[in-house]
Amino acid sequence: MIPRYTRPDMARIWSDENRIFQIEAEVKHDVIAFTTAVAEIVGPHARWFHYGLTSNDVVDTAQALLIQQASVLIASDLDRLAEVLERRAWEFKDTPMIGRTHGIHAEPITFGLKIANWYSETQRNIARFSAAAEDLRVGKFSGAVGTFAHLTPELEQKMCARLGLKAAAISSQVIQRDRHAHYLATLATIASTLDKIATEIRHLQRTEVREAEEYFSEKQKGSSAMPHKRNPVSSEQISGLARVVRANAQAGFENVALWHERDISHSSAERIIIPDSTTLADYLLNKTANLIETMFVYPERMLANLESTRGLVFSGQLLLDLVESGVSREDAYRLVQNHAMHAWREGLDFHDLVVNDPAIRGRLPRAKIERAFDLKRQLKNIDKIFGRVFPNKTAVKKDATSSKKRVAKRKR
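### As for the confidence of the model for the protein chain
- In this model, the protein chain carries an average pLDDT of 91, and 94% of its residues clear a pLDDT of 70 or more.
- Helix α18 (residues 400–411) is the least confidently modelled element of the protein chain, averaging 45 in pLDDT, while helix α5 (residues 111–135) averages 98, the highest of any element.
- The model gives residues 397–412 a pLDDT under 50, and that stretch makes 19 contacts with residues more than four places away or in other chains.

Here it is in structure tokens:
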């Protein structure tokens, strides 16, 4: 793993002793190098260190311990990300913006709703990761083909218990790699969520949108050639490195099928994909939490973009109101779409076209037409959605002015 993408606590987990590398260079066997290095420290009693074991009794069990240490860090990272997402979701719960489908303006949402969706997904990732880490909290001392020819299942259970592991119910020469594949796939799912968040922020930072953007310090430079640039470099890094984690998961799937009771085709790949995937997950979770915590948000721009199509985003509500008034859905759709396409092509005000259409005014009184264009009506269930996402938190009415001050302060 390139050091620039590695945080110190995770780096310490996957660092090996130099003496082991020195011995392995001579004997060309990683476990013999390990046991030899231990023997140099322990002395004569080291003869019992590898007694009755096969190489993977040591390797797989030791790897399980390392993965558990890495998992503690990743679980903490997930919790921190969830806390940041929750806080910022509530901060912008009532900040209206346009929802987009296919990249096109659809209907109004709030920015807090968008972040609450990320929070909910992160909660699912927390549950998935906890299960995957627990599934991999197993060791083995069952010997060369898993038959306990030289030790006993009872001794295996005692040794695993002392290490804080469960004994695998059954194994061959290795712990079965479906467990590792599940763990790596879960890391890939987490990375995909982070990619999803980063991709959205990259879109929102586009010059034409500019509703939110990464933190940009006073001395920061966005481009060597163009001084005006404020590029979403953190988000792009998250998206790029997430691809590596997903690619590593594919190697994990390939490692499930081994010859007979074991070959070592998985071993070389695991030396890369497990340290790299856990290291990158730790790095990316921290990077994303910082991104969300410090990003600039522009509520005024969100509202301006929402209003930029001059009422078109309320066409769906107008359609339903006409249907409720007795107009067939086909006729109502034709009436509304004709005005919508006219407004779209000519840059006209959709609301004015609707209000001045006798066919619509004849079915809907002016008050009901205005009601169709009511933004608050579109967002009336936001509190209920938040109540489902955050069932243990009571909604707090936010002062819009103070929220704007916080955003301005963060921008400075």
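So, next bit.
### Some remarks on the packing of aromatic side chains
- Scanning the entire structure with this criterion turns up 11 aromatic pairs.
- Taken together through their ring pairs, the aromatic side chains of W90, Y119, F386 and F390 make up a single cluster.
- Lying across the ring of Y298, R210 places its NZ or CZ 5.6 Å from the centre.

### Quick notes on the pattern of salt bridges
- For the coordinates displayed, the defined rule picks out 27 salt bridges.
- Salt-bridge contacts for E213 lead to R230; the nearest nitrogen and oxygen are separated by 2.9 Å. A residue pair is termed long-range when its members are at least 10 positions apart, and E213 in strand β5 (residues 212–213) and R230 in the loop between β5 and α8 (233–254) qualify at 17 residues.
- Residue classification places E213 among the buried residues on the basis of a relative accessible area of 3%.
- One salt-bridge network, in which partners are shared between bridges, spans R80, E83, R87 and E293.

### Things to note about the side chain of E213
- Of note is the side chain of E213, whose polar atom sits 2.9 Å from the side chain of R230.
- For E213, the residues in contact, after removing those within four places along its chain, are Q205, R230, M295, F296 and Y298.

### Things to note about a nonpolar patch on the surface
- A cluster of nonpolar side chains, I104, M341 and W344, forms an exposed patch at the surface whose accessible area comes to about 320 Å².
- Here I104 lies in strand β2 (residues 104–110).
- For I104, a relative accessible area of 43% puts it in the partly exposed group.

### What to know about the pairing of β2
- With five bridges connecting them, strand β1 (residues 96–101) and β2 associate as antiparallel partners. Each residue of the ladder has a partner; that of I98, found in β2, is P108.

### Structural notes on the packing of helix α3 (residues 30–42) against helix α4 (residues 55–91)
- The contact between α3 and α4 brings their axes to 10 Å, and the two run at 80°. Viewed along their axes, α3 and α4 adopt a mutual orientation that is roughly perpendicular. Along the contact surface, α3 presents D30, V31 and F34, while α4 presents S55, V58 and V59.
- Partitioned by chemical class, the residues of the contact of α3 with α4 number four nonpolar, one polar and one charged.

### Comments concerning the nonpolar core
- Membership of the largest hydrophobic core comes to 61 residues, with the highest contact counts inside it found for I74, F111, I115, Y183 and I292.
- Only α1 (8–13), α4, α5, α7 (178–205), α8, α9 (265–294) and α17 (382–389) provide two or more residues apiece to this core.
- The element best represented in this core is α7, accounting for 11 residues.
- Each residue touching I292, except ones within four places of it in the same chain, is listed here: V84, L85, R88, W118, I197 and I201.
- Listed in part, the 23 residues of the second largest apolar core include I98, L335, V354 and I369.

### Describing the packing of α5 against α17
- Relative to each other, α5 and α17 sit at 20°, their axes nearing to 11 Å. Between α5 and α17, the crossing angle belongs to the class labelled roughly parallel. Of the two possible hands of crossing, α5 and α17 adopt the one that is left-handed. Contact with α5, carried on its side by G112, L113, A116, Y119 and S120, involves I382, I385, F386 and V389 of α17 and no other residues of that element.
- Residue classes in the contact of α5 with α17 are distributed as seven nonpolar, two polar and no charged.

Reading the values: the criteria
- Residues numbered from 1 in each chain as written.
- Predicted model: local features only at pLDDT ≥ 70, side-chain atom pairs only at ≥ 80, totals over all residues.
- Heavy atoms only, no water.
- pLDDT = per-residue confidence, 0-100.
- Helix = DSSP H or I, 4+ residues; strand = E, 2+ residues; numbered from the N terminus.
- Contact = heavy atoms within 4.5 Å.
- Phe/Tyr/Trp six-rings, centres within 6.5 Å; stacked < 30°, edge-to-face > 60°.
- Lys NZ or Arg CZ within 6 Å of the ring centre and 35° of its normal.
- Salt bridge = Lys/Arg side-chain N within 4 Å of Asp/Glu carboxyl O.
- Buried < 20%, exposed > 50% of the residue type's maximum accessible area, 1.4 Å probe, protein only.
- Polar contact = N/O pair within 3.5 Å; in protein donor to acceptor, adjacent residues only side chain to side chain.
- Patch = residues over 30% accessible without salt bridge, like charges linked within 9 Å, V, L, I, M, F, W, Y side chains within 5 Å.
- Areas by Shrake-Rupley, 256 points an atom, 1.4 Å probe, with all protein chains shown as cover.
- Pairing = 2+ DSSP bridges.
- Axes fitted to C-alpha atoms, helices over the stretch in contact; angles between N-to-C directions.
- Parallel < 35°, antiparallel > 145°, perpendicular 65-115°, else oblique.
- Nonpolar A, V, L, I, M, F, W, Y, C, P; charged D, E, K, R; others polar.
- Core = buried A, V, L, I, M, F, W, Y, C linked by side-chain atoms within 4.5 Å.
- Left-handed = near helix turned anticlockwise from the far one by under 90°.

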